[in-house]
Each structure stands twice: as structure tokens, then as C-alpha cells.
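Letter by letter, the chains look like this.
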Amino acid sequence: SASASAAAASARLGTFALLYVSYCGYYLCRKNYTFWMAAVTRENALSPMQAGLSSSAFQMAQAASRLVLAVWIDTHSPRYVLAGGLAASAALNVAMCFVTFSPVAMALLWGANGVVQSLGWPALARVFMAWFPPAARGKWYTLLSTNQNAGSALVPFVVAPAMQWTGTWRAALFAPAAVSACIAVLVFAFVKDTPPPPPEEEEE
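Residues numbered from 1 in each chain as written. Predicted model: local features only at pLDDT ≥ 70, side-chain atom pairs only at ≥ 80, totals over all residues. Heavy atoms only, no water.

Colleague: Could you give an account of helix α10 (residues 171–190), naming the residues involved and the relevant values?
Modeller: An ideal rise of 1.5 Å per residue puts 28 Å on 20 residues; α10 measures up with 28 Å between its terminal C-alpha atoms. Considering only its buried residues, α10 is in contact with α1 (2–31), α2 (33–44), α5 (78–95), α6 (103–117) and α9 (147–166). (Helix = DSSP H or I, 4+ residues; strand = E, 2+ residues; numbered from the N terminus. Expected span 1.5 Å × (residues − 1). Contact = heavy atoms within 4.5 Å.)

Written as C-alpha cells, this is what we have:
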């Protein structure tokens, strides 16, 4: 019926919006690195090698985790993985505020962030594939992929005012973490792994 089709389209659009915003949250908890690391480097007189250790740890951990965790992601609820990875990334961002005295500890925690960040896109893609039929995936996937650009573009608008208002570089970690934690709750509450069956299948 027309009402059922409208409801299905509305649910699909809502799911798409949450998927889009969720990966923006991942980027908020990733691309904020430039803001807080510059301040931490000055405050703790870190050498360029010490400062770069965290970035390298993130990149290596993320790349390795994409290979190691691929099968694990496929065997678990993508909604839980997507929301859980985002919540974990937010928690690790907050934890970073308390280890500035140790470059090694910073690298370990930011590397752990790389691990949980690797969960985001595969889980998002699984939900997307379930909700969008092959004929519609091209245009919607193209639009979905812009969330990486949007997330990167949002970072200064979230981080800079927070740092200015609080007067501390720690806001560059807390503000993205707070936003991302809220998004994770919305994803967990409202995103479904697969769309509901059509009315014809429900009646059989």
C-alpha cells in the first residue's frame, strides 16, 4: 500500500541520516588530533619524534585492525559494532586528557583509538547494504561517502569554540567525545541491522 511504502521510505531515510551522522562522529574523534597535539607538544616540550609517535600508532593500529577484525565484524550485529566503536572512541578521547605526561601512554591510547575507529566503516557499510537495494545504492552510497568530508569540516566548528570557551586544549578531546557519545546512543537506539519485512511477508 501507499502508506506502507511511505513508512518504509521514511525508515530508510532516517537510517541513512543516522549512518551519515555516525561516521561524522568517528571523524570528530579522529581529526581533532591536530588541535590537541599542537598544544600538548608545546606544554610538554615533546620532540617531533615523540609528537609523531601517536599519529603513527593510530595509522598502524587502524590498518592492522581492518585486516584482523574483518571476520569478527561480519559475525556481530553491525548496529552494536557501529555504536560501540563510536562510544569507545569517545571514551579513549577523554582518556587522552590524563596521559599527556607520557608520550608512550599517549601513543598506546591513540593507537587503541585507531583500533576502534577501524570498526566504523565496515559496520556502517553492512547496515547500508541491508537497507538499500542494489538499484538505489549508487546515488545513496555516493552521498553517504561525503560524510568523511563533512566530519572533517565539522571538527574546527566543534573544537575551536570549545577550546576558546574553556581555555584548555583538553576541550579538543572532550567536545568531540561528548558529541560522539550522544550520536552513539542514537545509533544504538534507532538503527536496525535490517529493514522490517514488507507487510505481505508479515501476513504470511
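Colleague: Quick one: what's the story with the nonpolar core, residue by residue and with numbers?
Modeller: Formed by 26 residues in total, the largest nonpolar core has its most connected members in Leu-19, Tyr-23, Leu-82, Leu-124, Leu-144 and Val-187. Elements that contribute at least two residues to this core include exactly α1, α5, α7 (120–131) and α10. The element best represented in this core is α1, accounting for eight residues. Of all hydrophobic cores here, the second largest spans 22 residues; its members include Tyr-33, Met-37, Leu-92 and Trp-169. (Core = buried A, V, L, I, M, F, W, Y, C linked by side-chain atoms within 4.5 Å. Buried < 20%, exposed > 50% of the residue type's maximum accessible area, 1.4 Å probe, protein only.)

Colleague: So what's going on with the packing of aromatic side chains? Residues and values would help.
Modeller: Applying the stated criterion across every chain, the model contains 15 aromatic pairs. Directly above the ring of Tyr-27 sits Arg-30, whose terminal nitrogen or CZ lies 4.4 Å from the centroid. Lying across the ring of Phe-188, Arg-79 places its NZ or CZ 5.2 Å from the centre. (Phe/Tyr/Trp six-rings, centres within 6.5 Å; stacked < 30°, edge-to-face > 60°. Lys NZ or Arg CZ within 6 Å of the ring centre and 35° of its normal.)

Colleague: Can you break down the environment of Met-37 residue by residue, with the values?
Modeller: Residue position: Met-37 is located in helix α2. The sequence separation of Met-37 and Ala-70 amounts to 33 residues, and the corresponding C-alpha distance is 30 Å. Those residues in contact with Met-37 that lie beyond four places of it in its chain are Ala-51, Ser-54 and Met-106.

Colleague: Give me the packing of α5 against α6: which residues, what numbers.
Modeller: Remark: α5 packs on α6, axes separated minimally by 9 Å, with the N-to-C direction vectors making an angle of 170°. Taken together, α5 and α6 sit at an angle that is classed as roughly antiparallel. Residue-level contacts link Gly-85, Ala-88, Ser-89, Leu-92, Asn-93 and Ala-95 of α5 to Leu-109, Trp-110, Ala-112, Asn-113, Val-116 and Gln-117 of α6. When the residues that make up the contact of α5 with α6 are grouped by side-chain class, the tally is seven nonpolar, five polar and no charged. (Axes fitted to C-alpha atoms, helices over the stretch in contact; angles between N-to-C directions. Parallel < 35°, antiparallel > 145°, perpendicular 65-115°, else oblique. Nonpolar A, V, L, I, M, F, W, Y, C, P; charged D, E, K, R; others polar.)

Colleague: Can you lay out the packing of α1 against α6 for me, pointing to particular residues and giving the numbers?
Modeller: Put simply, α1 and α6 touch, their axes get as near as 11 Å, and they point 165° apart. As the angle between them shows, α1 and α6 are arranged roughly antiparallel. As for the relative orientation of α1 and α6, their crossing is left-handed in sense. Facing α1, whose interface residues are Tyr-26, Cys-29 and Arg-30, α6 presents Trp-110, Asn-113, Val-116 and Gln-117. (Left-handed = near helix turned anticlockwise from the far one by under 90°.)

Colleague: Explain the environment of Trp-72 to me, and be specific about the residues and the numbers.
Modeller: You can see Trp-72 is positioned in helix α4 (residues 70–74). When its relative accessible area of 38% is taken as the criterion, Trp-72 is described as partly exposed. C-alpha of Trp-72 to C-alpha of Trp-169: the two residues are 97 residues apart in sequence and 36 Å apart in space. Excluding residues within four positions of it along the chain, Trp-72 makes contact with Val-81 and Leu-119.

None of this, on its own, says anything about what the molecule does.
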